[in-house]
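# A structural walkthrough
Listed below are the residues making up each chain.
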Amino acid sequence: MSTNKRNYIFDFDSTLTKVEALDVLAEITLENNPKKDEIIQEIIDITNLGIDGEISFTESLERRIKLLKANKADLSGLIKALKKQVSKSIESNKEFFEKFAEDIYVISCGFKEFIDPIVKEYNIPTERVYANTFEFAKDGEIIGFDADNVLSKHNGKIQCLKDMNLTGEIQVIGDGYSDYVTREAGVADKFFAYTENVSRVKTTENADHIAPNLDEFLYINDLPRNISYPKNRIKILLLENVHSDAFDKLSKDGFAVETVSKSLSEDELIEKIKDVHVLGIRSKTNVTQKVVDAAEKLMVVSAFCIGTKQIDLEACKEKGIVVFNAPYSNTRSVVELAIGEIIMLMRSVFQRSTEIHNGQWNKTAEGSREVRGKKLGIVGYGNIGKQLSILAEALGMHVYYYDVEDKLSLGNATKMDSLSDLLSISDVVTLHVDDNAANKNFFGEKEISQMKDGAHLVNLARGFVVDIPALVAALKSGKLAGAAVDVYPEEPRKNGEFHTELKGLPNVILTPHVGGSTEEAQRDIADFVPSKIMAYMNSGNTVDAVNFPNIRLPRQTKAHRFLHIHKNVPGVMAKINKILAKYDLNITGQYLSTDPKVGYVITDLDKEYNIEVIEKLRKVEGTIKFRVLY
Ligand SMILES: NC(=O)c1ccc[n+]([C@@H]2O[C@H](COP(=O)([O-])OP(=O)(O)OC[C@H]3O[C@@H](n4cnc5c(N)ncnc54)[C@H](O)[C@@H]3O)[C@@H](O)[C@H]2O)c1
Ligand SMILES: O=C(O)[C@H](O)COP(=O)(O)O
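All values derive from a computational prediction rather than experimental measurement.

## Topic: the overall build of the protein
- Within the protein, the secondary structure is distributed over 25 helices and 24 strands.
- Against the 2.2 N^0.38 benchmark of 25 Å for 630 residues, the protein shows a C-alpha radius of gyration of 32 Å, more extended than a compact globule.
- When the backbone C-alpha atoms are referred to their principal axes, the protein occupies close to 95 × 70 × 45 Å.
- Counting all 630 residues of the protein, 42% fall into the buried class.
- Pairs at least 24 residues apart make up 61% of the contacts formed inside the protein by residues separated by at least 6 positions.

Written out as C-alpha cells, the structure is:
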C-alpha cells in the first residue's frame, strides 16, 4: 500500500550533538589519569575505525569501554556536558521536532542512558530511541553492554531498521558510514550525510545528499525550519587574496565561501558571478555594469579595502546590490608608510642603499636632511591625511594642508586656501585625495612647477592622480629631489612582471600598492567587512553601506522579516502596505529608508502569515529585490 508518510531516522553522536559522547565521557573519567591524552587519542582512533567500518563495531565498543573505566555516577556529568553540545542547527530547529514528533526516531550505536535525556528535550521519547544499553557492576562500574542488542553488532543499524518494520519512506540522517550502510542495504530510501560537525569522505561520497546542517535537510524536504534559506546555499566569492580570517568567519557562520588569490578580468568575472550571492574584492577587480548585468543572484559587493571606485556603485544600487567597504581599517598602515617614506626620501636612504648594493661606499651629508622643522604639505585632509598630520607633528614637522572640503585642522596644522599656496611652501608634498574620477591627472606639470625646487612628492592615494611623465621629467631635471610612489595608473591583476617609467630614477621609492598591506590592516578588514556582510545577509542591516540607504534594524525575535528594495517612485509604499493589510498581517515593526533612487523597507511580522503575500509583494511595480528572513 502506498503512503506519503516519511520517517526521519537520526544518528546521535556528531549528528544531533557536536561530539562523540564516549569521547566526552573519557574526558570526565580520565580527568586525573596521567595518561589521559594518550588514552583519549586511542579512544578517538578506535571510534573512527568503527565509524568508517575498518573494525567491527562490537570490537570498537568493547575496546573503548575497557579504556573508559567509567562508572554510572559519571553519567550525570556526561549528560550535563552533552546538553551544551547539541548541534547548532538542531537546537535552532525545535519546531520541526515538535511538529513531526511522530515521524522522528533516533538509531544510534551509542547508549540510551545518555541519549534519552538529551533527545527527550526534542520531543523524542525513549520508545523512539534505538540504542545500546550499558551493563553495570554492583559498584556501578560500566563493565560492558547488552550483547544481544543488534546495535552492538557490526552493521547493527541495518537490522534495527528492518526490525522496526516502518511504513512509508525512510530517510536516514547521519555522519557515519554505519548510517550510510542502511541505504546501501536498501532498508533506507535516502541517506543524508550530515556534515555540520564532521565530514567523512566515505560517508559523503556515497550520500544521496550532503546536509551541512539541519536547515539544508529541512529545506530539501520542504519542512518547517528556523531560516528561510539555508546559509550553505548562499555562495560567497572572495577574490584578491583577502585575509583568511574573512573565510573563517563567513564559513563559520554557515555560508559557502570560495577564495581566489588573484583578481579576475571582466570576462572571467562575468562567467563566475552567475551563482554568486556575495562578492568580496580589493582594489584590482572592476565590478562593471556588464558584471552587474550578468549577476543573477548578487546581493552584496564588499570592498575589502577603502576605495570603491572600481565598483559601478550606481549599477549595483539599481539592481538592489548593497556595497560595503572598510573605510578605516588600513588608514594607520598608510600613514606609517608615508612617515617612513618621508624620512627615507629626505635622507636619500634608498639611493645610499642602492649604492652599497652596487658595491659603492658613498658616505655624504649632501642633500640629506632631518624632517624636524620641515614643512609637510598634505593634499586631501581626510582619514589618512588627518592621522598623518598628527604623527608628522609629533616628529617636529610643520604641517600644512589643503582640501577641497572645509576640514577642521587637527593639532597645530595650518589650513591653506589654495593648492598652489600649499605647494609653494612645502618641503614634502604628500597626496591623500580620494579616488573619485575627477582627480584623474589632478597632479601634473602645472602643480609640480608650483612646488619648491628640490622638494619631494609622495603618492599613496591612487595611480591616476599623478601625471607620471610630468613626474619623471621633474625628477630627471632635478626640479624634484625625490619621490615615493605606491600606486600606478595601470596595475597588474596578480603578482609578476611590472614596468613603470619611474624605474631606475635616483631617490625614487617604488612600492607595489602596499600602503594598506599590513597584517594588522588586512586582519582588521577581514573582521570589519564580514561583520557588515553578515549583518545584511542575516538581518537586513545596511549600516555603513556606501551606495544604499543606511538602516540599523532592531534584533529580530521570533518574527518574519520582509525586506523589500524598490525604485523610489511615488506609490510603492502605499501598494506594499495595501497588500500587507489585505492579508491581515500583524506588523510588529516597519522601517523605511530611502535615497533619491531606491527605497528599502523592512517589515517585521508575527510568525504566521499567508504564503501568497510573498508573490504579491514580489510583483509590486517598481520592486527591485525582495527576500524573507526568519
Ligand atoms: N596605497 C594604499 O594601499 C592605500 C590604502 C588606503 C587608501 N588609499 C587611498 O588613499 C586615499 C585617501 O584615503 P582616505 O581614507 O583618507 O580618504 P578620505 O575620503 O577620508 O579623504 C580624502 C580627502 O581628499 C579630499 N579631496 C578629494 N579630492 C581632492 C582634491 N582634488 N584636492 C584636495 N582634496 C581633495 C576629500 O575632500 C577628502 O577629505 C584614497 O584615494 C584611497 O583610495 C591607498
Ligand atoms: O583602497 C584601498 O584601501 C587601498 O588602495 C588598498 O587596496 P588593496 O586592498 O588592493 O591593497
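## Some words on the pairing of strand β10 (residues 256–259)
- Both strand β9 (residues 235–238) and β10 contribute to a ladder of 4 bridges, which runs parallel. Bridge assignment links Leu237 to a residue of β10, and that residue is Glu258.

## Remarks on the site of ligand 1
- Taken together, 31 residues lie around ligand 1, and Gly380, Gly382, Ile384, Gly515 and Gly516 are the ones closest in.
- At the level of secondary structure, the elements contributing two or more residues to the shell around ligand 1 comprise α17 (331–346) and α19 (383–394).
- Considered class by class, the residues forming the shell around ligand 1 number 12 nonpolar, 12 polar and 7 charged.

## Some remarks on the sheet that holds strand β8 (residues 209–211)
- In space, the 6 strands of this open sheet follow the order β3-β2-β1-β6-β7-β8, with parallel pairing throughout. Lying at the two open borders of the sheet, with one neighbouring strand each, are β3 (129–132) and β8. Neighbour-to-neighbour, the strand axes of this sheet turn through a mean angle of 20°, independent of strand direction.

## As for the UniProt feature "coiled-coil region" (unreviewed entry) in the protein
- This chain's UniProt record puts "coiled-coil region" (unreviewed entry) on residues 58–85.
- Across residues 58–85 one finds 71% helix and 0% strand; the C-alpha atoms that close the span lie 26 Å apart.

## Topic: the sheet that holds strand β21 (residues 560–567)
- Reading across from one edge, β22-β23-β21-β24 is the order of the 4 strands in this open sheet, with antiparallel pairing throughout. Of all strands in the sheet, those with a lone pairing partner are β22 (587–594) and β24 (623–629), marking the two edges. Taking each pair of neighbouring strands and ignoring which way they run, the sheet shows an average axis angle of 10°.
- With 8 bridges joining them, β21 and strand β23 (residues 598–605) adopt antiparallel strand pairing. When the bridges of β23 are listed, Phe562 appears paired with Thr603.
- Strand contacts of helix α24 (residues 572–582): β21, β22 and β23, with the helix running at about 20° to β23, the strand carrying the most contacts.

## Digging into the domain arrangement of the protein
- According to the domain assignment, the protein contains domain 1 (6–220), domain 2 (231–324), domain 3 (331–517) and domain 4 (549–629).
- Each of domain 2 and domain 3 has a C-alpha centre, and these two points are 32 Å apart.
- On the domain 3 side, the residues contacting the 7 residues of domain 2 number 8 residues.
- Residue composition of the side of domain 2 that touches domain 3, grouped by class: 1 nonpolar, 3 polar and 3 charged.

## Overview of the environment of Tyr591
- Its location among the elements puts Tyr591 in strand β22.
- The class of Tyr591 is partly exposed, set by 16 C-beta atoms lying within 10 Å.
- Among all residues touching Tyr591, those that are not within four sequence positions of it are Ile551, Leu553 and Ile602.

## Concerning the packing of helix α9 (residues 156–164) against helix α10 (residues 177–184)
- It is the contact of α9 with α10, at a shortest axis distance of 8 Å, that shows an interaxial angle of 50°. One finds that α9 runs oblique with respect to α10. α9 and α10 meet at a crossing whose hand is right-handed. Residue-level inspection shows Lys157, Ile158 and Leu161 of α9 in contact with α10, the latter providing Ser178, Asp179, Val181 and Thr182.
- When the residues that make up the contact of α9 with α10 are grouped by side-chain class, the tally is 3 nonpolar, 2 polar and 2 charged.

## Brief notes about the packing of helix α13 (residues 244–252) against helix α23 (residues 519–539)
- At a minimum axis distance of 8 Å, the contact between α13 and α23 shows a crossing angle of 30°. As far as their axial angle goes, α23 and α13 are roughly parallel. Of the two possible hands of crossing, α13 and α23 adopt the one that is right-handed. Here Asp245, Ala246, Lys249 and Leu250 of α13 lie close against α23, whose contacting residues are Arg523, Ala526, Asp527, Val529, Pro530 and Ile533.
- For the contact of α13 with α23, the per-class residue count stands at 6 nonpolar, no polar and 4 charged.

## As for unusual backbone geometry
- Although it is not a glycine, Ser348 sits at a positive phi angle of roughly 50°.
- If you trace the backbone, Ser348 turns up in the loop between α17 and α18 (349–357).
- Residue classification places Ser348 among the buried positions, given that 22 C-beta atoms sit within 10 Å.

## Overview of the site of ligand 2
- Around ligand 2, a shell composed of Arg282, Ser283, Lys284, Cys305, Ile306, Gly307, Asn330, His513, Gly516 and Ser517 is seen.
- For the shell around ligand 2, the two domains that each supply at least three residues are domain 2 (231–324) and domain 3 (331–517).

## Quick word on the nonpolar core
- In this structure, Ile9, Val106, Ile115 and Ile173 are the most contacted members of the largest nonpolar core, which totals 60 residues.
- With residues up to four places along the chain from it excluded, the contact list for Ile9 reads Tyr105, Ile107, Leu161, Ile170, Gln171, Val172 and Ile173.

## Considerations on the pairing of strand β19 (residues 480–485)
- Of all 6 residues in β19, 6 are buried, a share of seventy percent or more.
- Of the strand pairs in this sheet, strand β18 (residues 455–459) and β19 are connected by 5 bridges, and their pairing is parallel. Note that in β19 the partner of Leu457 across the bridge is Ala483.
- This β-α-β element, β18 to helix α22 (residues 468–477) to β19, shows right-handed connectivity.
- One ladder, built from 3 bridges, connects β19 with strand β20 (residues 508–510); its direction is parallel.

## Some points on helix α4 (residues 57–68)
- Compared with an ideal rise of 1.5 Å per residue, which puts 12 residues at 16 Å, α4 spans 16 Å between its outermost C-alpha atoms and is within 8% of the ideal.
- Within α4 the residues assigned to the buried category are Phe57, Ser60, Leu61, Arg64, Ile65 and Leu68. One side of α4 carries all its buried residues, which in axial view fall inside an arc of 120°.
- In this structure, the buried residues of α4 make contact with α2 (21–29), α3 (36–51), β2 (104–111), β5 (142–145), α9 and α10.
- With its phi angle positive at about 50°, Lys69 sits one or two positions after the end of α4.

Each value, and the rule that gives it
- Residues numbered from 1 in each chain as written.
- Chains lettered and ligands numbered in written order.
- Predicted model: local features only at pLDDT ≥ 70, side-chain atom pairs only at ≥ 80, totals over all residues.
- Helix = DSSP H or I, 4+ residues; strand = E, 2+ residues; numbered from the N terminus.
- Rg over C-alpha atoms; globule rule 2.2 N^0.38 Å.
- Buried ≥ 20, exposed ≤ 12 C-beta atoms within 10 Å, placed from the backbone.
- Contact = placed C-beta atoms within 7 Å.
- Pairing = 2+ DSSP bridges.
- Near = placed C-beta within 6 Å.
- Nonpolar A, V, L, I, M, F, W, Y, C, P; charged D, E, K, R; others polar.
- Axes fitted to C-alpha atoms, helices over the stretch in contact; angles between N-to-C directions.
- UniProt positions renumbered as here; feature names shortened; annotations may be inferred.
- Domains from an automatic or database assignment.
- Parallel < 35°, antiparallel > 145°, perpendicular 65-115°, else oblique.
- Left-handed = near helix turned anticlockwise from the far one by under 90°.
- Core = buried A, V, L, I, M, F, W, Y, C linked by C-beta atoms within 7 Å.
- Right-handed = clockwise from strand over helix to strand, strands pointing away.
- Expected span 1.5 Å × (residues − 1).
- Arc of directions from axis to C-beta.

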